[in-house]
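Architecture and fold: a report
These are the residues of each chain, in order.
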Amino acid sequence: MPWADAYTATKGAVVALTRSWATDYSRYGIRVNCVCPGATDTGMMAGILDEFDEHHRMATPQQRFATRAEIAAVIAFAVSPSATYLSGAIIPVDGGATANTAGLPFPARRPRANP
């Protein structure tokens, strides 16, 4: 994500910690997983989405944004008795954006300033 170094780094740290903690704490019966939601219809996204036209807003394979309920359903499964062998998983819930290497579009390149 351009110009979001700290945000991107913290997301990577959560993934690394998930894998590490899943290994470290499994002996105690503790499972650790990470849900990585894609573009979701929330207040946080409202201002960001206004910057992109309708074509770019639908750049995910499912051509829509997730609802909060859809993200919550995946989390509910991950903590349920049905997922007792799920640990160390990094679960993208992004409408296929990760598989498609899509997501929010990159901003247009700016001409390089002359030194």
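Small disclaimer: the values here were computed from a predicted structure and weren't measured.

Cut-offs and rules
- Residues numbered from 1 in each chain as written.
- Predicted model: local features only at pLDDT ≥ 70, side-chain atom pairs only at ≥ 80, totals over all residues.
- Heavy atoms only, no water.
- Helix = DSSP H or I, 4+ residues; strand = E, 2+ residues; numbered from the N terminus.
- Contact = heavy atoms within 4.5 Å.
- Areas by Shrake-Rupley, 256 points an atom, 1.4 Å probe, with all protein chains shown as cover.
- Phe/Tyr/Trp six-rings, centres within 6.5 Å; stacked < 30°, edge-to-face > 60°.
- Buried < 20%, exposed > 50% of the residue type's maximum accessible area, 1.4 Å probe, protein only.
- Lys, Arg positive; Asp, Glu negative; His and termini not counted.
- Salt bridge = Lys/Arg side-chain N within 4 Å of Asp/Glu carboxyl O.
- Polar contact = N/O pair within 3.5 Å; in protein donor to acceptor, adjacent residues only side chain to side chain.
- Patch = residues over 30% accessible without salt bridge, like charges linked within 9 Å, V, L, I, M, F, W, Y side chains within 5 Å.
- Pairing = 2+ DSSP bridges.

**Concerning the overall build of the chain**
- Tallying secondary structure elements over the chain gives 5 helices and 2 strands in all.
- The order of helices and strands in the chain, counted from the N terminus, is α-β-α-α-α-β-α.
- Put simply, 74% of the contacts in the chain that link residues at least 6 apart link residues at least 24 apart.
- Accessible surface for the chain amounts to roughly 8600 Å². Of this, 59% is attributable to carbon and sulfur atoms.

**Things to note about the packing of aromatic side chains**
- Under the criterion given, the structure shown has 1 aromatic pair.
- A centroid spacing of 6.4 Å and a plane angle of 45 degrees characterise the contact between Tyr25 and Tyr28, whose relative ring orientation is tilted.
- A relative accessible area of 60% places Tyr28 in the exposed class.

**A short note on the side chain of Asp94**
- Within the element layout of this structure, Asp94 appears in the loop between strand 2 (90-93) and helix 5 (97-100).
- Look at Asp94: it is buried, it has no salt bridge, and the nearest opposite charge is Arg64 at 11 Å.
- Of the polar contacts made by the side chain of Asp94, one reaches the side chain of Thr98; its length is 2.2 Å.

**Details of a nonpolar patch on the surface**
- Taken together, the side chains of Leu17, Trp21, Tyr25, Tyr28 and Ile30 define a hydrophobic patch exposed on the protein surface, amounting to about 520 Å² of accessible area.
- Locating Leu17 in the fold gives a position in helix 1 (residues 5-25).

**A look at the pairing of strand 2**
- The alternating pattern of strand 2 places Ile91 and Val93 on a buried face and Ile90 and Pro92 on a face that is not buried.
- The pairing of strand 1 (residues 34-37) with strand 2 spans 4 bridges and is classified as parallel. Residue pairing in the sheet places Val35 in a bridge with Ile91 of strand 2.

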